[in-house]
Every structure is written in structure tokens, then in C-alpha cells.
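# Summary of structural features
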Amino acid sequence: MSTQKIPVTLNPNPKLPTFDMNAIAFGKNFTDHMLVADYENGEWKNVEIKPYAPFEIDPSCATLHYGQTIFEGIKAYKNEKGEVAIFRPDQNFIRFNTSAKRMQMPTVPEWLFMDGMKQLIELEKGWIPNMPECSLYIRPFMIASDPFLGVRPSSTYKFMIILGPSGAYFSAPMKILIEQQYTRATPGGVGFAKNGGNYGASLYPVSLAQAKGYDQVLWTDAIEHKYVEEVGMMNVMFVIDGKVITPSVEKGTVLKGVTRNSAITLLRDMGYEVEERYLSVAEIVDAHKKGLFTEVFGVGTAAVVSYISRLAHAEYVMDFDVDALKVAPALKKQLNDIRMGNIVDKHGWLLHI
Ligand SMILES: *Cc1c(COP(=O)(O)O)cnc(C)c1O
């Protein structure tokens, strides 16, 4: 598949010249251009890069009613020399098409997803802040677009890529409640796909945890609520007796995070033993009682590595001194150093633009 040159219509009123990179609001600021493509009669067409703007959809549009919609989240970085690189977008391309298949949507070809993203970023380079921990957030997504209320797969779709600058993501350490009633994903369900409904369904249980003074929930398995799965919209890692343990993705209820995969590789490079397996709440509590449970943290593209200062299972509360963490900060530094080009990218994870 050769590189295809996508037609570009430049934005006559770009916001970039007057945009203040010190006032970035994550998820609210978007760049001046977007990529759009239509799927009709079994093929992707009308591919173009054009000014970022709202667009019209019919009120009967299938995606509004039945949720045939998927997305990805990727980041591009600019180092001190001004060089731009995207972190492992090939993995997101694979996962996007995995999500598409599960939601009975068409897959997107590599030239559209990868070359489209590269061309759009090339055009929007000026939007990437080259300050520490800043990046450009890349949001590819697909929606069903048939104007039809019957429950069946849409025959038309829209694929788009939008971009937004992302500032240094300072987040306070999180307080997490282990979920005992609601579920994020079930075996045979759609937990491994990044489809819209998964996130809508998580909001109510999280609001209940927030009313109790927590920031997020630690999801447990749908059948018994015995085994831990993910923390909020991130994968989760535990340090118990010096070993790093992360829930297995085998059952399809844990999303295969690119950050999770990168973290496993880097932690092993750093000499840690990493286990991917089922981990029960009982084992966690037992390890805590024995003083062996030293760290728990979230990993994902948005916040990269998120520290957790409190984990509670009903009345049993486990507190962690975030200033004494070892594994999570070391992992965060490794990931940052690779992305900013401070250390050798020995796994070939950066796609240079
Ligand atoms: C996107 C996502 C993650 C993290 O995946 P990354 O590829 O590391 O960004 C983890 N869990 C869920 C539910 C997600 O949607």
C-alpha cells in the first residue's frame, strides 16, 4: 500500500497564532484541521483534511441510537530539538480494527489510519507543545452514519481524526474504591473494545464511589467480584513482595493497553519480575496485612502512570505514601525519557514524523 497524498483544505482562520500553550484545557482545545473519510458501498472515499468544524448528522443517525461507535487515544511528542514522534500508533491501528470487528463496523486500511494521521500531524506540528510532559493527543474515531432506526449494522460510516494539545498532566494521587456491585466488562462482552458504550456505562458506578470520597473504582470480575481488572479507564499494576502483578487480558474483560504492554516490557528491562495473571482481592488484602503490598498504580495513554494513595475494599482501607513509591515513578521516568528522546528507543516504539 503506497502512501497516498490526501487533499488538504487549509483553515482560513487558524487559532494557532494566538493560542496560549500555557492555557491548555485537555479535551477542550482542538487544532485547526481534522481528517474525515466516508465509508459507502464497501469502500472508504472522500478522504480529506479540512478545517476543524462541527458537522451535521441526521437525527435518526444509527450511532446516536445504538452506539456503533469506536475510538482510539494516541499521543505525539516534540523533543527539545523540535523533532516530532508518535508513540506506538501501529498498536492503536491494530486495536482500532479489533474494536471495529467486534462492533460489526468496517475496518480501516493502514493508509487511511496511519498515513492520514501522519499527514495531519505534519500539518499541525505547531500545535505540539515542547514543554516537559506535554503532548498532542490524537483521537481517531468511527461512527455509524445511516439515517435509519432499524437495529442492524449501518451501511455507511464516518472515520475522523481530531487532535488537541495536552498539557503536563498533573493529577493528584487517586483514591480508589474496589467495586463490589457494578461491572465494566463481562466475558463474551465488549470490554476489550474501545467502543463508546463502555464509558457511558461506567459513569454511574464511579459517581457512587465519588459520593463516598473516592476518585475512581477498581473494577472486579463480573461473575464474583473477586478478581481485579482495571482502574477507571486505565490498566492497573500492583507491587507485591517486590514483584509486579497485572491482571491478565485472556478473558477479554481487560482492555489491552498499549501503555500496559510498554510498561511490562520496560519493567522487565529494569529487572522486575512481572506476572500477568488473575489477582484476587483476597490476595491483595492478605499481602497488605503481611506488609508485602507496597504499590498500586494505573497506566494509560492519557495520564501515563497514575499514582494511587488509597485503595479500599468496603471498610478495609489500604494507604500508600506516594513519596515512598519506587516502581511507579521509575516507570514513569523511563516512558517519558523514551518519548522525549532522552534515552535510546531500543524497542523502536517511536514513529518519527
Ligand atoms: C484506552 C484504555 C486503556 C489504556 O489503554 P492505552 O492503550 O494504554 O491508552 C485501559 N483501559 C481502558 C478501559 C481503556 O479504554
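The rules we used
- Residues numbered from 1 in each chain as written.
- Predicted model: local features only at pLDDT ≥ 70, side-chain atom pairs only at ≥ 80, totals over all residues.
- Heavy atoms only, no water.
- Domains from an automatic or database assignment.
- Contact = heavy atoms within 4.5 Å.
- Buried area = accessible area lost by both parts, 1.4 Å probe.
- Salt bridge = Lys/Arg side-chain N within 4 Å of Asp/Glu carboxyl O.
- Polar contact = N/O pair within 3.5 Å; in protein donor to acceptor, adjacent residues only side chain to side chain.
- Helix = DSSP H or I, 4+ residues; strand = E, 2+ residues; numbered from the N terminus.
- 1 Å grid on protein atoms, 1.4 Å probe; cavity = no way out; pocket = protein on both sides within 12 Å on 5 of 7 lines; lining within 4 Å.
- Points joined across faces, edges and corners; volume = space filled by probe spheres on them.
- Nonpolar A, V, L, I, M, F, W, Y, C, P; charged D, E, K, R; others polar.

### Some details on the domain arrangement of the protein
Along its sequence, the protein is carved into domain 1 (16-168) and domain 2 (174-338). Centre-to-centre, using C-alpha coordinates, domain 1 lies 27 Å away from domain 2. Taken together, the contact between domain 1 and domain 2 spans 18 residues of the former and 21 residues of the latter. Note on domain 1 versus domain 2: buried area summed over both sides is about 1,600 Å², and carbon and sulfur give 61% of it. On the domain 1 side of the contact with domain 2, Phe71, Arg95 and Arg102 bury the most area, a combined 37% of that side's loss. Put simply, domain 1 and domain 2 have zero salt bridges between them. Counting across the domain 1 and domain 2 interface gives ten residue pairs in polar contact (both at pLDDT 80 or more). Contributions of two or more residues to the side of domain 1 that touches domain 2 are made by strand 3 (69-71), strand 4 (74-78) and helix 2 (89-102).

### A closer look at the layout of surface pockets
Space inside the largest pocket adds up to approximately 670 Å³. For the largest pocket, the lining is made up of 32 residues, of which Met233, Met234, Gly300, Ala302 and Ala303 are closest to its centre. Among the secondary structure elements, those contributing two or more residues to the lining of the largest pocket are strand 6 (135-144), helix 4 (196-200), strand 11 (234-240), helix 6 (258-269) and strand 14 (293-300). Looking at the lining of the largest pocket residue by residue, the class counts come to 13 nonpolar, 13 polar and six charged. Of the domains in this structure, domain 1 (16-168) and domain 2 (174-338) are the two that each give at least three residues to the lining of the largest pocket. In this model, the second largest pocket occupies a volume close to 290 Å³. Lining the second largest pocket are Gln91, Ile94, Arg95, Thr98, Phe192, Val249, Gly252, Lys256, Gly257, Val258, Arg260 and Asn261. If you tally residues by element for the lining of the second largest pocket, the top one is helix 2, at four residues. In terms of residue class, the lining of the second largest pocket is built from four nonpolar, five polar and three charged. When residues are assigned to domains, the lining of the second largest pocket turns out to be shared by domain 1 (16-168) and domain 2 (174-338), each giving three or more.

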